Amino acid sequence: MERFTGLIGIVLILGIAFLCSNNKRKINIRLVFSGLFLQTVIALLILKIEKVQQFFALLGRGMQKIEGFAKEGAAFVYGGIITQTGSHGNVPYRTVIERDNPFVFGFSVTAAIILVCVLVAIFYHIGLMQRIVSLIARGMNFVMRVSGAEALSNVASAFVGQVEAQVMIRPYLKGMTKSELLASMSGSLACIAGGILIVYANMGAQAGLNLAPKLIMASLMAAPGALVISKIVFPETEESQTMGKVKLEVKSEYTNLIDAISHAAADGFKIAMNVIAMLIGFIALIALVDWSLLKLGHLFNPDLNLSLNWVFGKLFYPFAWSMGVPSEDVGNAATLLGQKLTVNEFLAFKSLTSKEVPIMTEKGLLIVTTAICGFANFSSVGMQIGGIGALAPERREDLAKLGLRALLCGTLASYLSASIAGILM
C-alpha cells in the first residue's frame, strides 16, 4: 500500500491549488487531466521503458564528460594554485585533477556552469535550441490546449534559465493575459536550467548517486505540471493572442559564433559568481540562525537541540509523507524540502549529495530529487520579477502581484511530479 501513498499527495496538492484559486468555476478540467496524463507518460517512459532508460543513462554519462571538459579550463586557470593533499603533500591543482579527479565546488561547479552556458549559446545561435523547444511545445500545446506563449515558455524553462525562457516569448509578454503570465512564471520556477541540472548530476555522481535521469525527468515533468497548477490557481478568463498557435521567431542576438561564445562565457561567469555568493551568504546566515536556535532551545531544555533542519523536518513532514517517501526517510526528506523552498535548491542538493541529510532508499531518493529539482524559492521570485520586468517594463506591476502565487505554483508542481514518480516506481 505504501506505493499508493502518493495518491494522497496528489489530492493534497491539487486541493491546496483549488483552495487558492481565484475563480474556481472557470477551472478547465480537461487541461488539468491532460497535464496529469502528460506528466504520467513522461515518468513512465523514463522509469519503465528500457530503451528510454538507456538513452537517459547515456545522457548522464555525457553530463559527466562535460564536467571533465570544464575541468580542463579550470586546470589551466587554477593550475598554479598549490593544493594540500594528505598523501602527496602540496602539489599543483592541475596535478591533483589529472591524478585524483577531485570535486572542488568553487572550481568544478563554476567551470561547468560556464561551459554549459557556452554550449547553450552555440545551440541558440545556430537555431538548434529554438527548433527543439518549438517541437516539444507543439506537442504539449496539442495535448493540453494551452496557448502558444505558455507552451513555449514552459518547455524552454526545462532547457534554459528563468529569464532566458522569457526571452523566447519576448514579443508576446506585453499582451499576455495574467493567467498566461502566471503560467510562464510558474514554469520557470518549477523547472531547472540545463547548466544547473548538469551541476547537480555531477554533484550526485561524486557521491555515487545516479541523479541524471531523475533530474531530467523532473525538469520535463515540471513543464506540464506547472501549467496544471497555475491554471487551477488562476484559470484563464481572457482571450489569449496565441491560443492554439506555437510560433517561435527568435533570432540570435550574437554577431557570429565567436561573439556567442564570448558573451556566454561572461554570462556564465556572472551566474557562477552569483551561485558562490549566495551559497556563502546563505550558509553563513544559516550557521548564525542555527547557533541562535541552539542557545534558545537550551534556555528551555538542555537536551533540546533546535536547528533550522529540525524546524524544517517538522513543518514539511506532512508533504514528504503524503508524496510517498518511505518512513525511514520522511524526516530527512522534509528537511530537504524546507531547505529548498526557504533558501535554495543548491543548498538542498549539497545536503543531499554530501550525505549531511542522507536519503537511504531508492524510492525516497527519486521523490526527493524530483521535489527539489526546481528554482522555486523566495530569492528566485525577486530575480524573476527583475529579469522579466526588464524585458517588459509595463508588466512589472503584474509580475510583482503574481510573484508569490508563482512560487506556490512552482513548488506544488514539483511536489506533484514527485508524487506521480513515487507511485510509478
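Scroll up to find the structure this text is about.
Bear in mind that the values here come from a model prediction, so they are computed numbers and not experimental data.

Engineer: Looking at this model, I keep getting lost on the overall build of the chain. Mind explaining?
Structural biologist: If you tally the helices and strands in the chain, you get 20 helices and 2 strands. Computed over the C-alpha atoms, the radius of gyration of the chain is 21 Å, within 12% of the 22 Å expected from 2.2 N^0.38 for a compact globule of 425 residues. C-alpha atoms of the chain, sized along the principal axes, occupy 70 × 60 × 45 Å. Expressed as a percentage of its 425 residues, the buried residues of the chain come to 55%. Sequence-distant contacts in the chain: of pairs separated by 6 or more residues, those separated by 24 or more amount to 76%. Put simply, the chain shows about 18,800 Å² of open surface, and 65% of that area lies on carbon and sulfur atoms. Taken together, the 34 basic and 26 acidic charged side chains of the chain have centroids lying 5 Å from each other.

Engineer: How should helix α6 (residues 128-144) be read in this particular structure?
Structural biologist: Three or four residues apart is the spacing at which side chains of an α-helix point the same way, because the helix has 3.6 residues per turn. The terminal C-alpha atoms of α6, which comprises 17 residues, lie 24 Å apart, in line with the 24 Å expected from a rise of 1.5 Å per residue. For α6, the complete set of buried residues consists of Met129, Gln130, Val133, Ser134, Ala137, Met140, Asn141 and Met144. When α6 is viewed along its axis, its buried side chains cluster within an angular range of 135° and face the same direction. Residues of α6 that are exposed and angled more than 90 degrees away from the buried face: Arg131, Leu135 and Phe142.

Engineer: So what exactly am I meant to see when it comes to a nonpolar patch on the surface here?
Structural biologist: Taken together, the side chains of Phe123, Ile126, Leu128, Ile132, Leu135, Ile136, Leu257, Ile258 and Ile261 present a nonpolar region at the surface, about 770 Å² in accessible area. Among the elements of the structure, α5 (105-126), α6 and α13 (257-300) are those that each provide at least two residues to the nonpolar patch. Broken down by element, the residue count for the nonpolar patch peaks at 4 residues, all from α6. Note on placement: Ile258 falls in helix α13. When its relative accessible area of 63% is taken as the criterion, Ile258 is described as exposed.

Engineer: Please clarify how the state of the cysteines should be interpreted in this entry.
Structural biologist: Think of a disulfide as a covalent bridge from one cysteine sulfur atom to another cysteine sulfur atom. Taken as a whole and judged by the stated rule, the model has 0 disulfides. In this structure Cys191 is a free cysteine whose sulfur lies 8.3 Å from that of Cys373, the closest cysteine sulfur available. With relative accessibility at 0%, the residue Cys191 sits in the buried group.

Engineer: Looking at this structure, I do not really get the environment of Ala121. What am I missing?
Structural biologist: Counting through the fold element by element, Ala121 comes out in helix α5. What makes Ala121 buried here is its relative accessible area of 4%. C-alpha separation for the pair Ala121 and Glu253, spaced 132 residues apart in sequence, amounts to 9.9 Å.

Engineer: What should I look at first to understand helix α2 (residues 29-48) in this one?
Structural biologist: Compared with the 28 Å implied by 1.5 Å per residue over 20 residues, the 28 Å span of α2 between its first and last C-alpha is a close match. Residues of α2 that are buried include every one of Leu31, Val32, Ser34, Gly35, Leu36, Leu38, Gln39, Ile42, Ala43 and Ile46, and no others. Looking at the buried residues of α2, the elements they touch are α1 (6-19), α3 (50-78), α6, α12 (212-233) and α20 (396-424). At the N-terminal boundary of α2, the capping side chain belongs to Asn28, with an oxygen 3.0 Å from the backbone nitrogen of Arg30.

Engineer: It is not clear to me how the packing of aromatic side chains should be interpreted in this structure. Could you clarify?
Structural biologist: The relation between two aromatic rings is expressed through the spacing of the ring centres and the mutual angle of the planes. On inspection of all chains with the given rule, the structure shows 4 aromatic pairs. Geometrically, the ring pair formed by Phe312 and Phe316 is edge-to-face, given 6.4 Å between the ring centres and 75° between the ring planes. Neither Phe312 nor Phe316 differs from the other in exposure class; each is buried. Ring geometry for Phe319 and Tyr415: centres 5.5 Å apart, planes at 50°, overall tilted. Note that Phe319 is positioned in helix α15 (residues 317-322) and Tyr415 in helix α20, a separation of 96 residues in sequence. An aromatic cluster is defined as three or more aromatic residues linked by ring pairs; in this entry it consists of Tyr200, Phe346 and Phe349. Note that Arg145 overlies the ring of Phe142, its terminal NZ or CZ placed 5.3 Å from the centroid.

Conventions used here
Residues numbered from 1 in each chain as written. Predicted model: local features only at pLDDT ≥ 70, side-chain atom pairs only at ≥ 80, totals over all residues. Heavy atoms only, no water. Helix = DSSP H or I, 4+ residues; strand = E, 2+ residues; numbered from the N terminus. Rg over C-alpha atoms; globule rule 2.2 N^0.38 Å. Buried < 20%, exposed > 50% of the residue type's maximum accessible area, 1.4 Å probe, protein only. Contact = heavy atoms within 4.5 Å. Areas by Shrake-Rupley, 256 points an atom, 1.4 Å probe, with all protein chains shown as cover. Lys, Arg positive; Asp, Glu negative; His and termini not counted. Charge placed at Lys NZ, Arg CZ, Asp CG, Glu CD. Expected span 1.5 Å × (residues − 1). Arc of directions from axis to C-beta. Patch = residues over 30% accessible without salt bridge, like charges linked within 9 Å, V, L, I, M, F, W, Y side chains within 5 Å. Salt bridge = Lys/Arg side-chain N within 4 Å of Asp/Glu carboxyl O. Disulfide = S-S within 2.5 Å. Polar contact = N/O pair within 3.5 Å; in protein donor to acceptor, adjacent residues only side chain to side chain. Phe/Tyr/Trp six-rings, centres within 6.5 Å; stacked < 30°, edge-to-face > 60°. Lys NZ or Arg CZ within 6 Å of the ring centre and 35° of its normal.

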